[in-house]
Amino acid sequence: MYNISETTSLEHIAESVELLHNCSKQIIKVMEDQIDAVIASNPVRIEELSEVHGNLSKRFKIHEQEFISELSTLLATSGSTAPVRLVSLKEVFPESVTDIENWHKTLTADTKELQRKHNQILQLLEFAMSQNARMMQSMYSAHNSKNTHYAPTGQQKGITTGVALNQEI
């Protein structure tokens, strides 16, 4: 059976899980907005959302450290030698196995969704960068082909940008 401090500790763990879950949902929403901003090529919105994402990530890390600290303390005071993991609480509090499993499922699902969104943003940014590189190469090639002249040796040479010599208009 639990004593009052153990019940309070489990309540603290439940609150920490809820804080982590809510923070994860907020980060996921911001990441979805970031994806939309990248697709829309809106640099102002991307910058705004990056700042919000950074602040939420800091808050998430703080909640995460508090959760780990509470979990470590709870396991240490219960005399458990199990590793510091949420599922280790099942051994200490067998009456709360269902709650612990629900907390674990929630945090695992949030982590997977955060990873998926992060990978989606990375792939989108990589795609945008490669498209931008191709566009710049095409622009340079088109510019260079329109702005060429022949050297006295008969070799075709490009003209430095800004020089208007036999330029097509």
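Please read these numbers as outputs of a predicted model, since none were measured by experiment.

Parameters at a glance
- Residues numbered from 1 in each chain as written.
- Predicted model: local features only at pLDDT ≥ 70, side-chain atom pairs only at ≥ 80, totals over all residues.
- Heavy atoms only, no water.
- Helix = DSSP H or I, 4+ residues; strand = E, 2+ residues; numbered from the N terminus.
- Buried < 20%, exposed > 50% of the residue type's maximum accessible area, 1.4 Å probe, protein only.
- Contact = heavy atoms within 4.5 Å.
- Areas by Shrake-Rupley, 256 points an atom, 1.4 Å probe, with all protein chains shown as cover.
- Patch = residues over 30% accessible without salt bridge, like charges linked within 9 Å, V, L, I, M, F, W, Y side chains within 5 Å.
- Salt bridge = Lys/Arg side-chain N within 4 Å of Asp/Glu carboxyl O.
- Polar contact = N/O pair within 3.5 Å; in protein donor to acceptor, adjacent residues only side chain to side chain.
- Core = buried A, V, L, I, M, F, W, Y, C linked by side-chain atoms within 4.5 Å.
- pLDDT = per-residue confidence, 0-100.
- Lys, Arg positive; Asp, Glu negative; His and termini not counted.
- Expected span 1.5 Å × (residues − 1).

A.B. asks: Lay out the overall build of the chain with the relevant residues and their values.
C.D. replies: For the chain, the helix and strand inventory stands at four helices and two strands. Going from N to C terminus, the chain has its helices and strands arranged as α-α-α-α-β-β. Looking at the 169 residues of the chain, the share that counts as buried comes to 25%. Here the analysis covers contacts within the chain between residues at least 6 apart in sequence; of these, 50% occur between residues at least 24 apart. For the chain, the accessible surface area stands at approximately 11,600 Å², while carbon and sulfur atoms represent 56% of it.

A.B. asks: Let's hear about a nonpolar patch on the surface: which residues, and what values?
C.D. replies: On the surface, Met135, Met136 and Met139 cluster together into a nonpolar patch covering about 310 Å² of accessible area. Along the chain, methionine 135 turns up in helix α4 (residues 97–146).

A.B. asks: I'd like a rundown of unusual backbone geometry, residues and numbers included.
C.D. replies: In this model, serine 41 sits at a positive phi of 55 degrees, which is unusual for a non-glycine residue. With respect to the helices and strands, the residue serine 41 is situated in the loop between α1 (4–39) and α2 (43–77).

A.B. asks: Quick rundown of the side chain of serine 88? Include the residues and the values.
C.D. replies: Summarising the element assignment, serine 88 is placed in the loop between α2 and α3 (89–92). Judged by its relative accessible area of 5%, serine 88 falls in the buried class. In this structure the side chain of serine 88 is engaged in a polar contact, spanning 2.6 Å, whose partner is the backbone oxygen of proline 83. Those residues within four positions of serine 88 in sequence are excluded, and the remaining contacts are Leu75, Ala82 and Pro83.

A.B. asks: Could you give an account of the nonpolar core, with specific residues and numbers?
C.D. replies: Counting residues in hydrophobic clusters, the biggest one holds 26 residues, and the most contacted among them are Ile13, Ile27, Phe67, Leu86, Leu89 and Trp103. The element that contributes the greatest number of residues to this core is α1, accounting for 11 residues. Those residues within four positions of leucine 89 in sequence are excluded, and the remaining contacts are Leu10, Ile13, Leu71, Leu74, Leu75 and Ile100.

A.B. asks: Give a detailed account of the confidence of the model for the chain, specifying residues and quantitative values.
C.D. replies: For the chain, mean pLDDT is 83; residues scoring 70 or higher make up 79% of the total. When mean pLDDT is compared element by element in the chain, α2 scores highest at 93, while strand β1 (residues 148–150) scores lowest at 62.

A.B. asks: So, the pattern of salt bridges: which residues are in play, and what are the values?
C.D. replies: One pass over the full model with this rule turns up seven salt bridges. With its nearest N and O atoms 3.6 Å apart, the salt bridge here joins lysine 61 to glutamate 64. Within this pair, lysine 61 and its partner glutamate 64 are both found in helix α2, separated by three residues, close to a single helical turn. Under the relative-accessibility criterion, glutamate 64 is labelled partly exposed at 24%. Beyond isolated ion pairs, a larger network of salt bridges with shared partners links Lys29, Asp33, Arg45 and Glu48.

A.B. asks: Could you give an account of the environment of leucine 114, with specific residues and numbers?
C.D. replies: Assignment of secondary structure puts leucine 114 in helix α4. Here leucine 114 falls in the buried class, since its relative accessible area comes to 16%. In this structure the C-alpha to C-alpha distance between leucine 114 and isoleucine 27, which are 87 residues apart in sequence, comes to 7.8 Å. Residues in contact with leucine 114, not counting those within four places in the same chain, are Ser24, Ile27, Ile28 and Met31.

A.B. asks: Please set out the side chain of aspartate 110 residue by residue, giving values where relevant.
C.D. replies: Looking at the element boundaries, aspartate 110 is found in helix α4. One buried charged residue, aspartate 110, remains without a salt bridge, the closest side chain of opposite sign being lysine 25 at 7.9 Å.

A.B. asks: Please set out α2 residue by residue, giving values where relevant.
C.D. replies: End to end, α2 covers 50 Å across 35 residues, agreeing with the expected 51 Å (1.5 Å per residue, within 8%). Listing the buried residues of α2 in full gives Leu49, Leu56, Phe60, His63, Phe67, Leu71, Leu74 and Leu75. Backbone geometry just downstream of α2 places glycine 79 in the positive-phi region, at approximately 85 degrees.

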